[in-house]
Amino acid sequence: MALLPIITAPDPRLEAVSTPVEAVTDEVRQQLDDMLETMYAAPGIGLAAIQVGIQKRMLVIDVSREGEDKQPLYIINPEFTWLSDDDKVYEEGCLSLPEQYAEVARPAEVKIEYLDYHGEKKEMQADGLLAVCLQHEMDHLDGILFVDHLSALKRNMILRKLLKQKRLAEAG
Ligand code: NI
């Protein structure tokens, strides 16, 4: 397993639309293993492949609490099959937008279809933090960041801060 560098915004790669995974091969599983390790090390609760420069429709999630057993989810080619009418507001962050947080409203409950680590077709219904996380990570597959759900003013403020941080880091 290997830790992969996480791409931070603003970066055009994060705006790319990812491509469906054609077959769940050992190479794909290796990438998922690396993504999970990278996510745990960050630490984070979700990571989409594009955040480590892999333009494939897959993500890893683990919303278990500290002290609980780990509950890693490997999700490939996910599609929503149902979204609840009621929304819930949650304060979101993102490993690609370090130290930036904002409240985002999304459907409170979702159902998805996806392929698991072994390429088997699965269904999942989620609410709470898992529903938020699934929607946030699935957005990444279409090049959408959580700040894209905010007003242009708030979004630009956060992206400008990140750009400044990046320039400072590059300047060393
Ligand atoms: Ni994110």
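The structure we're discussing is the one just above.
The shown structure was predicted, so the numbers you read here are calculated from the model rather than taken from an experiment.

So, how was this worked out
Throughout, residues of each chain are indexed from 1 in the direction in which the sequence is written. In keeping with the predicted nature of the model, local features appear solely for residues at pLDDT of at least 70, side-chain atom pairs appear and are counted solely at 80 or more, and the whole-chain, interface and lining totals rest on all residues. Side-chain metrics rest on all non-hydrogen atoms present in the structure, leaving aside hydrogens and water. The working definition used for a salt bridge is a side-chain nitrogen of Lys or Arg within 4 Å of a carboxyl oxygen of Asp or Glu. To qualify as a helix, a DSSP run of H or I must reach at least 4 residues; to qualify as a strand, a run of E must reach at least 2; elements of each kind are numbered from the N terminus. With a 1.4 Å probe rolled over the protein chains alone, any residue whose accessible area is under 20% of its type maximum counts as buried; one over 50% counts as exposed, and the rest are partly exposed. Expected span, for any helix, means 1.5 Å times one less than how many residues it has. This arc is built from the directions going out from the helix axis to the C-beta atoms. Any two residues whose heavy atoms approach within 4.5 Å are treated as being in contact. Strand pairing requires that DSSP identify at least two bridges connecting the strands. In this description, a line fitted to the C-alpha atoms serves as the axis of each element, helices being fitted only across the stretch in contact, and the angle between N-to-C directions of two axes falls anywhere from 0 to 180 degrees.

**Examining the pattern of salt bridges**
Step number 1: Counted by the stated rule, this structure contains eight salt bridges.
Step number 2: Among the ionic pairs, D26 bridges to R29, the shortest N-O distance being 3.1 Å. Here D26 and its partner R29 are both found in helix 1 (residues 26-41), three residues apart, which amounts to about one turn of the helix.
Step number 3: Look at D26 and you get exposed, because its relative accessible area is 59%.
Step number 4: With its nearest N and O atoms 3.0 Å apart, the salt bridge here joins R57 to D142. A residue pair is termed long-range when its members are at least 10 positions apart, and R57 in the loop between strand 1 (46-48) and strand 2 (58-61) and D142 in the loop between helix 2 (128-141) and helix 3 (152-171) qualify at 85 residues.
Step number 5: The exposure class assigned to R57 is buried, which follows from its relative accessible area of 14%.

**Considering helix 3**
Step number 1: Counted at 1.5 Å a residue, the expected span for helix 3 with its 20 residues is 28 Å, and the 28 Å between its end C-alpha atoms agrees.
Step number 2: Turning to helix 3, its buried residues number three or more, namely I158, L159 and L162. Down the axis, helix 3 shows its buried residues gathered within 95 degrees of arc, on one side only. With respect to the buried face of helix 3, the exposed residues turned more than 90 degrees away are A152, L153, R160, K164, R167, L168 and A171.
Step number 3: Considering only its buried residues, helix 3 is in contact with strand 5 (97-107).
Step number 4: Count one or two residues on from helix 3 and you reach G172, which has phi positive near 70 degrees.

**Thoughts on the sheet that holds strand 7 (residues 121-127)**
Step number 1: What the five strands build is an open sheet, ordered 1-2-3-6-7; its pairing is antiparallel. Each of the sheet's edge strands pairs with one partner strand only, and the pair in question is strand 1 and strand 7. Between one strand axis and the next, the sheet turns by 40 degrees as a mean value, whatever way the strands run.
Step number 2: Here strand 6 (residues 109-115) pairs with strand 7 via seven bridges, running antiparallel. Looking at the pairing, I112 lines up with M124 of strand 7.
Step number 3: Across the face of the sheet, helix 1 comes into contact with strand 1, strand 2 and strand 3 (73-83) while running at roughly 40 degrees to strand 2.
Step number 4: Contacting strand 1, strand 2, strand 3, strand 6 and strand 7, helix 2 crosses the sheet at an angle of about 125 degrees to strand 7.

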